[in-house]
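Examining the three-dimensional arrangement
Chain by chain, the residues:
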Amino acid sequence: MLEFKVINRDTRTKARAGFMQTDHGTIKTPVFMPVGTRGSVKAVEQRELLEMNAQIILGNTYHLFQRPGVDALQKFGGMHSFISWPRPILTDSGGFQILSLSDLRKLSPDGVEFRSHLDGATYFFTPEKTIEVERQIGADIIMVLDECAPYPAEKEYVSKSIELTHNWAMRCKERFETSQPLYNYNQYLFGIVQGGMYLDMRERSAKELVAADFDGYAIGGLAVGEPAEEMYNVTDFVTAILPEEKPRYLMGVGTPENLLEAIERGIDMFDCVMPTRNGRNAQVFTTEGTINIKNAVYKFEESPLCANCDCYTCKNFSKAYLRHLFNVDEILGLQLASLHNLRFFINLMEQTRLAITEGRFVEFKSENLTRLKNKKIMEEF
Ligand SMILES: [Zn+2]
């Protein structure tokens, strides 16, 4: 079992600070996990991730299975050594990518058949196959194969979907328990709560998974286009069912505001492509909200992207230089903006954790939300 301890609980909300212990190191929560889908966090070096205190990164099973292939990963002793990353890794099962990327997919009770979006080859992923591939990749935390219902979806569809997902989760667990890690360290398996926006479906999914006793629980199928309030409601509802002593992971979320709201509702772990994707598009996160660094108002601006940020970008460069890099399409612009954005998210989690341990989470959240809203108004002028 994954060792996870909550060390501080906010007395006024469900926010909590804790840590989990993997063979590749301790992860302090709440935690933001940079996304390295294909074995690389886009435009950011591994040494920069270490320097900015990224505690754990993500890889994606569907992508890594296709390229470089599990044979290559196995030759190198797993993903950690292949990409030279000494800290924990989590792999998404690939269910979401199978559904969204493959040209052709056939869902059956036994698994999902799909045609690769790369070479047209056909593969069949059963829950058992997914676990085998995740063993070969060798992440510390691995996810069950699930089906993420689209939004919006009819209740009848969602009902069938969570039945399938539950079935697959149990089969994943069975294979996980009857197989061994291929490398010299432990792996842990998380279940994924689905159920769309229907609370009774969410309840069914969560209760069934909790009964099966996973190492941790993810909430999937959110941030798929629903209003933020609906995402918060579902999150609040599900965390009330999930056990206190297991980590909770809200998949694919979100903005700094989303993170603070979800932490208030009892979430410990997050992943999102937003810091790197937005960074590559000149969108920079700051404590005063998001700015577009290509904006002409920054032509002579000497200040760093974000006051008080301790990242390499902010310690060394002005807004004017970043604006220039983007305007002349220099690769360094993408790198520096991505680096800053990631550190911004990681720093936000570190500050939040401190606020929880010092009993001032509510005040911290409210101050931050007020500030985060500022810039959006200013930039509109
Ligand atoms: Zn910075």
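One structure accompanies this document, and this report is about it. Predicted, not measured: the structure shown is a model, and the values here were computed from it. (Residues numbered from 1 in each chain as written. Predicted model: local features only at pLDDT ≥ 70, side-chain atom pairs only at ≥ 80, totals over all residues. Heavy atoms only, no water.)

**Notes on the environment of cysteine 309**
Rules: Counting from the N terminus, the helices are DSSP H or I runs at least four residues long and the strands are E runs at least two residues long. In this description, contact between two residues means that some pair of their heavy atoms is separated by no more than 4.5 Å.
Among the secondary structure elements, cysteine 309 is positioned in the loop between strand S16 (289-292) and helix H11 (312-316). A C-alpha to C-alpha distance of 35 Å links cysteine 309 and proline 243, two positions 66 residues apart in sequence. Residue contacts for cysteine 309: discarding those within four places in its chain leaves Cys314, His340 and Arg343.

**Describing the coordination of the zinc ion**
Six octahedrally arranged donors around a metal ideally form angles of 90 or 180 degrees; four tetrahedrally arranged donors ideally form angles of 109.5 degrees. Here is the rule we go by: Ligating atoms shown are N, O and S within 2.8 Å of the metal, or 3.2 Å for Na, K and Ca, and water is not included, meaning a site may look less than complete. In these descriptions, tetrahedral denotes four donors with every angle between 85 and 135 degrees, square planar four donors and octahedral six donors with opposite donors over 155 degrees apart and the rest between 65 and 115, and irregular any other case. For every residue, the accessible area obtained with a 1.4 Å probe (protein chains only) is divided by the maximum for its type, and the residue is called buried under 20%, exposed over 50%, and partly exposed between those limits.
Around the zinc ion, the protein contributes the donor atoms Cys309 (SG), Cys311 (SG), Cys314 (SG) and His340 (ND1), at 2.1 to 2.3 Å from the metal centre. Relative to the metal, the 4 donor atoms surrounding the zinc ion lie at angles of 97 to 119 degrees, and the coordination shape comes out tetrahedral. Each donor residue of the zinc ion belongs to the same chain, and together they define the spacing C-x1-C-x2-C-x25-H. On the basis of relative accessibility, which here comes to 4%, the residue cysteine 311 falls in the buried class. Using a relative accessible area of 8% as the deciding quantity, one classes cysteine 314 as buried.

**Digging into the pairing of strand S5 (residues 57-60)**
Note the following rule: A pair of strands counts as paired when DSSP detects no fewer than two bridges linking them.
Burial along S5 is two-sided: Ile57 and Gly59 facing one way and Leu58 and Asn60 facing the other are all buried. The sheet contact formed by S5 and strand S6 (residues 89-92) spans 4 bridges and is parallel. Note that in S6 the partner of isoleucine 57 across the bridge is isoleucine 89.

**A short note on the sheet that holds S5**
Within a sheet, adjacent strands bond to each other through the backbone by hydrogen bonds, running parallel or antiparallel. Inclusion rule: All axes here are fitted lines through C-alpha atoms, helices being fitted over the stretch that makes contact, and every angle between N-to-C directions spans 0 to 180 degrees.
Here 8 strands make up an open sheet; going across it, the order is S4-S14-S13-S12-S11-S10-S6-S5 and the pairing parallel. Bordering the open sheet on either side are strand S4 (31-33) and S5, each of which pairs with just one other strand. Pairwise comparison of adjacent strand axes, ignoring direction, gives a mean angle of 25 degrees for this sheet. Note: S6 against strand S10 (residues 141-143), 2 bridges, orientation parallel. Each residue of the ladder has a partner; that of threonine 91, found in S10, is isoleucine 142. Sitting on the sheet, helix H6 (residues 155-177) is in contact with S10 and strand S11 (188-193), with an inclination near 175 degrees to S11.

**Some words on the sheet that holds strand S2 (residues 16-22)**
Judged by pairing direction, the sheet is antiparallel, and its 3 strands sit side by side in the order S1-S2-S3 without closing on themselves. Only two strands of the sheet have a single partner each, and these edge strands are strand S1 (3-9) and strand S3 (25-29). The sheet shows a mean angle of 15 degrees between the axes of neighbouring strands, direction not considered. Along the sheet, helix H13 (residues 331-357) makes contact with S1, S2 and S3, crossing S2 at roughly 120 degrees.

Take it as geometry only, folks, not as evidence of what the structure does.
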